[in-house]
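Residue-level structure breakdown
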Amino acid sequence: MSRTAAAAATMTLALVSLSGAVQAQTSPQTPAPAAAAPARQPADAATRASYDRADALSRSVFWAQEQQINPMDPVAGVRLAQALREMGQFDQAAETAQGVLLVQPANLEAMLEVGRAHIARGQAFYGIAALEQARAAAPRDWRPLSLLGVAYQQVRRPDDAKAAWTEALRLSPDNPDVLTNAAIARMGEGDAPSAEILLRRAAAQPTATLKVRQNLALSLGLQGKTAEAEAILRRDLPPEAADANLRWLAERTAAASAAAAVPVAETGTARTWSSVQGG
């Protein structure tokens, strides 16, 4: 065979080998790349609704997962903030609710949750702007006014607090939440009798909660009406919890009596119920 023919034969063999390698790579026997896992989808409406009845920890886990799936979901953000607040994680709750307002600046529920979280962490001043914005956005809604009353009271603006609660009650007469907030402020000022009047109105409403009755018992106990306070506590609480609350009331009333018996000249200042309460 001539050199030319041998070279041609070698070239042909190389091409055939290369062709076979390419065919082997694309052969149907070669496994195809695995398909990407489908993206997680938010829970359906029924599942979301079911978590409204769950405890705060379960809700915080669920809504955190929903927010991870869609960080722009305002419902998940507000619900997560609420659960965090109920768990006592007030700073995180405020940050989460504020994050919703970055996505939806006009989200009323997020504004309210910002206010609640800052009130709960004892820094109501930082929630007032959001609550005033909510009041302007929903002038017929009593909730911003009720919360503003609490916030104003916390930052020592009692006249503004009373005006906010008065307007809230005009919009929602005998609302137990508003009456309770106003009553707690009265107790903080040392005016337990006025608080009792408001709390009796609140407790008489069909929508009154356990919190309302517990505050009524507190106002009664602080006035020495121990029997009625105990009757309320024992109806609503397990024996151990009722006993603990009654001991607390007994200690408070004893401390108030002792403080009232101290002559003004001995202390240099008149003692008030607010000072006994520790602010």
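When helices and strands are tallied, the protein shows 16 helices and zero strands. Put simply, of all contacts in the protein between residues at least 6 apart along the chain, 45% involve residues at least 24 apart. When the accessible surface of the protein is split by element, carbon and sulfur atoms take 57% of a total near 16,200 Å².

For the structure on display, the rule yields three aromatic pairs. Each ring, one from Y51 and one from F62, has its centre 3.9 Å from the other, and the planes form 5 degrees; the classification is stacked. Note that Y51 is positioned in the loop between α2 (45-50) and α3 (56-69) and F62 in helix α3, a separation of eleven residues in sequence. Note on Y51: relative accessible area 26%, which makes it partly exposed. You can call F62 buried: its relative accessible area is 7%. Ring plane angle 90 degrees and centroid distance 5.4 Å describe the contact between F125 and Y126, whose orientation is recorded as edge-to-face. Classification of F125 by relative accessible area gives exposed; the value is 57%.

A few words on the layout of surface pockets. In this structure, the second largest pocket encloses a volume near 340 Å³. The wall of the second largest pocket is formed by 13 residues, among which Q82, R85, E86, E113 and R116 lie closest to the centre. For the lining of the second largest pocket, the secondary structure elements donating two or more residues are α4 (74-86), α6 (108-120) and α8 (142-154). Residues belonging to the lining of the second largest pocket are distributed by class as follows: five nonpolar, one polar and seven charged.

This part takes up the pattern of salt bridges. Applying the stated criterion across every chain, the model contains 18 salt bridges. Between R48 and E66 there is a salt bridge, and its shortest N-O distance comes to 2.9 Å. Taken together, the residues R48 in helix α2 and E66 in helix α3 connect sequence positions 18 residues apart. Since its relative accessible area comes to 4%, E66 is described here as buried. Close ionic contact of R234 with E230 constitutes a salt bridge, the shortest N to O distance being 2.9 Å. One end of the pair, R234, and the other, E230, are both in helix α13 (residues 226-236), four residues apart, so they sit about a helical turn from each other.

The subject of this paragraph is a nonpolar patch on the surface. Taken together, the side chains of L57, V61 and M87 make up a nonpolar region of the molecular surface, amounting to roughly 250 Å² of accessible area. Looking at where V61 falls in the secondary structure, it is placed in helix α3. V61 sits in the partly exposed class, given a relative accessible area of 45%.

Positionally, G190 belongs in the loop between α10 (176-188) and α11 (192-203). With 32 residues separating them in the primary sequence, G190 and L222 have C-alpha atoms 9.5 Å apart.

Turning our eyes to something else, we now look at helix α9 (residues 158-171). The terminal C-alpha atoms of α9, which comprises 14 residues, lie 20 Å apart, in line with the 20 Å expected from a rise of 1.5 Å per residue. Residues of α9 that are buried include every one of A161, A164, W165, A168 and L171, and no others. Down the axis of α9, the smallest arc covering the buried residues is 120 degrees, so these residues share one side. Of the residues in α9, the exposed ones pointing more than 90 degrees away from the buried face are D159, T166 and R170. On its buried face, α9 sits against α8 and α10.

Each value, and the rule that gives it
- Residues numbered from 1 in each chain as written.
- Predicted model: local features only at pLDDT ≥ 70, side-chain atom pairs only at ≥ 80, totals over all residues.
- Heavy atoms only, no water.
- Helix = DSSP H or I, 4+ residues; strand = E, 2+ residues; numbered from the N terminus.
- Contact = heavy atoms within 4.5 Å.
- Areas by Shrake-Rupley, 256 points an atom, 1.4 Å probe, with all protein chains shown as cover.
- Phe/Tyr/Trp six-rings, centres within 6.5 Å; stacked < 30°, edge-to-face > 60°.
- Buried < 20%, exposed > 50% of the residue type's maximum accessible area, 1.4 Å probe, protein only.
- 1 Å grid on protein atoms, 1.4 Å probe; cavity = no way out; pocket = protein on both sides within 12 Å on 5 of 7 lines; lining within 4 Å.
- Points joined across faces, edges and corners; volume = space filled by probe spheres on them.
- Nonpolar A, V, L, I, M, F, W, Y, C, P; charged D, E, K, R; others polar.
- Salt bridge = Lys/Arg side-chain N within 4 Å of Asp/Glu carboxyl O.
- Patch = residues over 30% accessible without salt bridge, like charges linked within 9 Å, V, L, I, M, F, W, Y side chains within 5 Å.
- Expected span 1.5 Å × (residues − 1).
- Arc of directions from axis to C-beta.

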